[in-house]
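# Structural features, examined
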Amino acid sequence: MTTQQLIIDTKVCIIGAGPGGAAAALKLDRLGIPCVLIDKAVFPRDKVCGDALSGKVIYGLNRIDKQIALDLFEKTDIRVGCWGIKFVFPNTKELDITVPGLENKDVKTAKPEAFIAKRIEFDNFLIEEVRKSKLIDFREGIDVQQFEKVDNQWIIKNKKGETIIKTNLLLDASGALSRFSRDIAGIKKEDKHFAGGIRAYYKNVKGFTDYNFIEIYFEKELTPGYLWIFPLPNGYANVGLGMRTDHISKGKVNLKKALDDILKNNPRFKHRFDEAELDGKVVGFPLPLGSKKRQISGDGYILIGDAASLIDPLTGEGIGNAIVSGKIAGEIVQQAIEKQAFDAAFLKKYDKAVYKELWRELKISHQLQRMMQYPWIVNILSSIALRSKEFTSVMTAMFTDVDLRKKLRDPRFYFRLLFSK
């Protein structure tokens, strides 16, 4: 069926079938609510990303349907288990954050708290779950570019101006470059709340262990950005570099050149990459950061994931927040349909629910991100981190999503963070 022939009238339409859009569709399915899910790509399709799936991803999937996360555990061919994070600071000090009880776990049989998987594999895994549903009308290869509100419906059009979908509720999960988020919702790019990243796939990178730690490096020559190395299945590694956009502009930083230089010349990486092979191209991607609150809903619409600028300002992780916001969107849509209330005032519940769930984490990540632009502060933080059980505890919680929100609500936590040993 061609785009010209396609006209769908639906109560709920989700634009974008990445993790946020798929999560919203799957939540609606579990609630018994039909929806239309569309994407301009045909799956499987690649998505440029760091590929790390934190404990929040599993947490979010479990709140939609525990069987989905269980399937992910069992599909060992698309992911590797991850048991911790290695931080390396400008003063060369290292901090390993491990999952609780790592020393008592057999990595060959135990279920890890987090994973690393190529986005082409993980996103398609979610889409295969979508395809199983009779309530989700999934349409691929549909590129929508125009939106118009007429009475109580959104009229969605293609680039030729032809109407293809009419919907009462529009859920925009179309990512960092969302046309709807920019042109209709009014979320503008602000360099200090935006980052740029590059990602490369390498084979034969040395130095990984059975525990598959994700590695984050705050090197002097990259400040205020950071470099990451994440192990992947089948001998691959995701290697990348991220930096806030205003610093890229101010320092006239060429991220690709910076990454190439440090991998070839920095003694820490030179040996690990002397036999490594670049697989494909080094590619860039935008990161709209959740370092400020925004209005993420309006009259008949909700923004999800990257379209709502919910990426963690410190780690750059966005998949978990996309899934959590997609799950919340499904719940608010259920309430809206029950009450036949699609107006901005009612949908404001979505904003409140999302920020109640995520804001404290986003705020502390933003505070740490701001400090990371000064190497001397990073070095002080490294000293605190190496002696502070509380810092280790919160970083573990960020990684595994265990009781983090409870910690951040306790004023005593911040005192212990600085002074505990």
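Check the entry above for the structure.
Residues numbered from 1 in each chain as written. Predicted model: local features only at pLDDT ≥ 70, side-chain atom pairs only at ≥ 80, totals over all residues. Heavy atoms only, no water.

### Notes on the packing of aromatic side chains
Across all of its chains, the model carries 15 aromatic pairs by this definition. Pairing F147 with F180 gives two aromatic rings, centres 5.0 Å apart and planes at 85°, and the pair type is edge-to-face. Residue F147 is found in strand β9 (residues 146-150), and its partner F180 is found in helix α5 (residues 179-183); the two are separated by 33 residues along the sequence. By relative accessible area, F147 is classed as buried at 15%. Measuring from ring centre to ring centre gives 5.2 Å for W154 and F180, while their planes differ by 75°; the resulting arrangement is edge-to-face. (Phe/Tyr/Trp six-rings, centres within 6.5 Å; stacked < 30°, edge-to-face > 60°. Helix = DSSP H or I, 4+ residues; strand = E, 2+ residues; numbered from the N terminus. Buried < 20%, exposed > 50% of the residue type's maximum accessible area, 1.4 Å probe, protein only.)

### Structural notes on unusual backbone geometry
P44 follows F43 through a cis peptide bond whose omega is 0°. In this fold, P44 is placed in the loop between β2 (35-39) and β3 (52-53). Although it is not a glycine, T92 sits at a positive phi angle of roughly 75°. Examined against the element boundaries, T92 turns out to sit in the loop between β5 (84-88) and β6 (94-98). For N234, which is not a glycine, the phi torsion comes out positive at approximately 60°.

### Description of the pattern of salt bridges
Scanning all chains against the criterion turns up 28 salt bridges. In this structure, the salt-bridge partner of R45 is D123, at a minimum N-O distance of 2.8 Å. With R45 in the loop between β2 and β3 and D123 in helix α4 (residues 119-131), this pair connects stretches of sequence that are 78 residues apart. Comparing R45 with D123, the two get one shared label, buried. Between K206 and E275 there is a salt bridge; the shortest N-O distance is 3.6 Å. Placement of the pair is K206 in the loop between β12 (194-203) and β13 (214-217) and E275 in the loop between α8 (267-270) and β16 (277-288), with a sequence separation of 69 residues. (Salt bridge = Lys/Arg side-chain N within 4 Å of Asp/Glu carboxyl O.)

### Comments concerning the environment of L289
Mapped onto the secondary structure, L289 falls in the loop between β16 and β17 (297-298). Assessed through its relative accessible area of 2%, L289 is described here as buried. L289 sits 113 residues away from A176 along the chain, and the two C-alpha atoms are 9.5 Å apart. Once you skip the residues sitting within four places of it in the chain, L289 turns out to touch H193, F194, A195, R244, R294, S309, I311, D312, P313 and Q369. (Contact = heavy atoms within 4.5 Å.)

### Quick notes on a nonpolar patch on the surface
There is a patch of nonpolar side chains on the surface, built from Y374, W376 and I380 and spanning about 350 Å² of accessible area. Looking at where Y374 falls in the secondary structure, it is placed in the loop between α10 (344-371) and α11 (375-387). The exposure class of Y374 is partly exposed, given its relative accessible area of 40%. (Patch = residues over 30% accessible without salt bridge, like charges linked within 9 Å, V, L, I, M, F, W, Y side chains within 5 Å. Areas by Shrake-Rupley, 256 points an atom, 1.4 Å probe, with all protein chains shown as cover.)

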